[in-house]
Amino acid sequence: MNMNETKLVFHAKWYDPVSATVKLFLLSFFPRDGAVEMFDLRAQKLFLKRHVVDSLEERDFYVGNTVVVLSRQLEIIDYADSSTRNHIESQRQRTFAMVKPDAVHRIGEIIDVIQSRNFEVAQMKMVQLTREEAGEFYKEHQGRSFFQSLLDYITSGPVVALHLISRDAVRKWRTTLGPTDSNLARQDDPESIRAKFGKDKQSNAAHGSDSDTSANREIEFFFPSKKSGSGPKTTALLDGNTCCIIKPHAVANGHMGGILTAIANAGFKVSAMQMFRMDKIQAEEFLEVYKGIVNEYSGMIHQLISGPSVALEITSPGESEIPSKFREFVGPSDPAIAKELRPQSLRARFGEDKIRNAIHCSDLPEDGPPEVEYFFKILQ
């Protein structure tokens, strides 16, 4: 190794299902060529010599994330040295964003803007705030003349909460939002989110934290640590639905916004949405019906645990055949065939191959409700 080469070192843990034990490693990442190295802390010996993993990038390495190395799902639990901490934290400030009720129907377009500005979506969830929750979130405005109308507005429909990461994220997101008054934004910053998607000073499409302190509080409010609860409830109806999962490769490649926009343009409604990071046990449980049936089963498992995915509950007002119509819209499982037979389908537009085919959707009408329930009830 070149002595001047950047090397990022982390403490990571892996649950070994064979021995039913947790193993601890020093996990090193070399940004120059995308290689990793693993040192077994208990055995005090090299576990994996330097090995290039094409699917991993520097942005994947931060405390709290999970990376997959040779089919092992490793949870990064701490920085191993101060230089790694300083390097990562200088690149990865976090902020909170909320798409407000008047703009949720354009969430796909807004996410396109978010990803085009190189923000990473670390967490995302659609919720319906109660008046009490809204009052707590906006407690710094309590007593002001507009407080009650603000609560009326923010509880008038679902919102989408997002935890965003980027360099200089707080300032960068507020710049992306534009002026608070959407009418002023259209004059002064016509490419901003509030100019494009907002209506006025209150119905201004989206919110952004104004400081590190606010960002930490607001992220914790919507995405609390496991010790302090689950935050506001999702909007899942758990009835009259079908399931859609935007796969990790589609999220990583910036297709999430395009897929959501295509779904909306086709007349389907996203009635619930949440980002998940599935472990191998969860993925195997969810995809158990395909075991021994499809040759791609192991690849499907690996894809589902390779990064964050986005689960959607899909409904369609007045439509009784949602699962079959949505499955037709998703297209054949092989994107190559989809391009020939249904070139406007989601898999034709966003899929790569039979494993990285952008979307999982419920196969049969009876599969939809239990698949939605798995994400929006069991995994909650």
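Up top is the structure.
What counts as what
- Residues numbered from 1 in each chain as written.
- Predicted model: local features only at pLDDT ≥ 70, side-chain atom pairs only at ≥ 80, totals over all residues.
- Heavy atoms only, no water.
- Helix = DSSP H or I, 4+ residues; strand = E, 2+ residues; numbered from the N terminus.
- Rg over C-alpha atoms; globule rule 2.2 N^0.38 Å.
- Buried < 20%, exposed > 50% of the residue type's maximum accessible area, 1.4 Å probe, protein only.
- Axes fitted to C-alpha atoms, helices over the stretch in contact; angles between N-to-C directions.
- Parallel < 35°, antiparallel > 145°, perpendicular 65-115°, else oblique.
- Left-handed = near helix turned anticlockwise from the far one by under 90°.
- Contact = heavy atoms within 4.5 Å.
- Salt bridge = Lys/Arg side-chain N within 4 Å of Asp/Glu carboxyl O.
- Pairing = 2+ DSSP bridges.
- Arc of directions from axis to C-beta.
- Lys, Arg positive; Asp, Glu negative; His and termini not counted.
- Polar contact = N/O pair within 3.5 Å; in protein donor to acceptor, adjacent residues only side chain to side chain.
- Patch = residues over 30% accessible without salt bridge, like charges linked within 9 Å, V, L, I, M, F, W, Y side chains within 5 Å.
- Areas by Shrake-Rupley, 256 points an atom, 1.4 Å probe, with all protein chains shown as cover.
- Phe/Tyr/Trp six-rings, centres within 6.5 Å; stacked < 30°, edge-to-face > 60°.

Trainee: Is there a simple way to think about the overall build of the protein in this case?
Mentor: Within the protein one finds 16 helices and 14 strands. The C-alpha atoms of the protein give a radius of gyration of 22 Å, which matches the 21 Å a tight globule of 380 residues would have. By principal-axis analysis of the C-alpha atoms, the protein measures approximately 65 × 50 × 35 Å. Per-residue burial for the protein yields a buried fraction of 50% across its 380 residues.

Trainee: Explain the packing of helix α2 (residues 107–116) against helix α10 (residues 256–265) to me, please; I cannot follow it from the model alone.
Mentor: Helices that pack against each other are described as a pair by the angle of their axes relative to one another and the distance between those axes. Running from N to C, α2 and α10 point in directions that differ by 165 degrees, and their axes come no closer than 7 Å. With respect to α10, the axis of α2 lies roughly antiparallel. Crossing of α2 over α10 shows left-handed handedness. Along its contact with α2, which presents Ile107, Gly108, Glu109, Ile111, Asp112 and Gln115, the element α10 presents Met256, Gly257, Gly258, Leu260 and Thr261.

Trainee: Would you mind going over the pairing of strand β9 (residues 159–166) with me for this structure?
Mentor: Successive side chains on a regular strand alternate, one facing one side of the sheet and the next facing the other. The buried count for β9 comes to 8 of 8 residues, which makes it a mostly enclosed element. Neither face of β9 is open: one carries Val159, Ala161, His163 and Ile165, the other Val160, Leu162, Leu164 and Ser166, and all of them are buried.

Trainee: Explain the pattern of salt bridges here, please?
Mentor: Pairing between side chains becomes possible if they bear opposite charge and their charged atoms approach one another. For the structure on display, the rule yields 20 salt bridges. Here Glu140 makes a salt bridge to Arg217, at a shortest N to O gap of 3.7 Å. Pair noted here: Glu140 is in the loop between α3 (131–137) and α4 (147–154) and Arg217 is in helix α8 (residues 212–222), with a separation of 77 residues, a long-range link. When its relative accessible area of 42% is taken as the criterion, Glu140 is described as partly exposed. One salt-bridge network, held together by shared partners, links Glu5, Arg32, Asp33 and Arg50.

Trainee: Just to check I follow, could you spell out the side chain of Gln303 for this structure?
Mentor: On the secondary structure map, Gln303 appears in helix α12 (residues 297–304). Non-local contacts of Gln303, meaning those with residues more than four positions away in its chain, are made with Lys247, Pro248, His249, Ile355 and Arg356.

Trainee: Could you clarify how one ought to interpret the pairing of strand β8 (residues 120–127) in this entry?
Mentor: For β8, the tally of buried residues reaches 7 of 8 residues, placing the bulk of the element in the interior. Across 7 bridges, β8 lies against β9 in antiparallel orientation. Following the sheet pairing, Glu120 is matched in β9 by Ile165.

Trainee: Just checking my understanding: could you explain helix α16 (residues 368–378) for this structure?
Mentor: Along an α-helix, residues three or four apart share an orientation, since each turn contains 3.6 residues. Among the residues of α16, those classed as buried are Gly368, Glu371, Val372, Tyr374, Phe375 and Phe376. Relative to the axis of α16, the buried residues are bounded by an arc of 160 degrees and lie together on one face. Away from the buried face of α16 by more than 90 degrees, exposed residues Lys377 and Ile378 are located. Those residues of α16 hidden inside the fold are in contact with β11 (242–246), β12 (269–276), α11 (280–286), β13 (309–315) and β14 (359–361).

Trainee: Got a minute to help me understand the environment of Ser145 in this structure?
Mentor: Looking at the secondary structure, you find Ser145 in the loop between α3 and α4. Take Ser145: its relative accessible area is 79%, and that puts it in the exposed class. With 131 residues separating them along the chain, Ser145 and Trp14 place their C-alpha atoms 53 Å apart.

Trainee: Honestly, unusual backbone geometry in this entry has me stumped. Any pointers?
Mentor: Residues other than glycine predominantly adopt negative phi, and peptide bonds predominantly adopt the trans conformation. Despite not being glycine, Asn118 shows a phi value in the positive range, around 65 degrees. Within the element layout of this structure, Asn118 appears in the loop between α2 and β8.

Trainee: I would appreciate a short explanation of the side chain of Arg347 in the present structure.
Mentor: Positionally, Arg347 belongs in helix α15 (residues 346–350). Of the side chains bearing the opposite charge, Asp363 lies closest to the buried Arg347, which forms no salt bridge; the N-O distance is 6.2 Å. Only 2.8 Å separates the side chain of Arg347 from the backbone oxygen of Ile359, close enough to count as a polar contact.

Trainee: Is there a simple way to explain a nonpolar patch on the surface in this structure?
Mentor: A cluster of nonpolar side chains, Tyr15, Val22, Leu24, Ile77 and Ile281, forms an exposed patch at the surface whose accessible area comes to about 430 Å². Within the secondary structure, Tyr15 is located in strand β1 (residues 8–16).

Trainee: How should I be thinking about the sheet that holds β1 in this particular structure?
Mentor: Whether parallel or antiparallel, the strands of a sheet pair through hydrogen bonds between backbone atoms. The antiparallel open sheet is built from 6 strands, whose spatial order is β4-β3-β2-β1-β6-β5. Looking at which strands have only one partner, the edges of the open sheet turn out to be β4 (45–52) and β5 (66–69). Averaged over neighbouring strand pairs, the angle between their axes works out to 35 degrees when direction is ignored. Where β1 lies against strand β6 (residues 72–79), 4 bridges are found, and the strand directions are antiparallel. Bridge pairing in β6 places Ala12 opposite Ile76. Contacting β1 and β6, helix α1 (residues 82–91) runs over the sheet at an angle of about 95 degrees to β1.

Trainee: Would you explain the environment of Thr95 in this entry?
Mentor: Structurally, the position occupied by Thr95 is in strand β7 (residues 93–99). Those residues in contact with Thr95 that sit more than four places away from it in its chain are Leu162, His163, Leu164, Ala169, Val170, Trp173, Ser209, Ala215 and Ile219.

Trainee: Please explain the packing of aromatic side chains as it appears in this structure.
Mentor: In this description, a pair of aromatic rings is defined by centroid distance and the angle of the planes. One pass over the full model with this rule turns up 19 aromatic pairs. Arranged with centres 5.5 Å apart and planes meeting at 55 degrees, the rings of Phe137 and Phe221 form a pair that is tilted. Here Phe137, found in helix α3, pairs with Phe221, found in helix α8; they are 84 residues apart in sequence, far enough to count as distant. In this pair, the class of Phe137 matches that of Phe221, namely buried.

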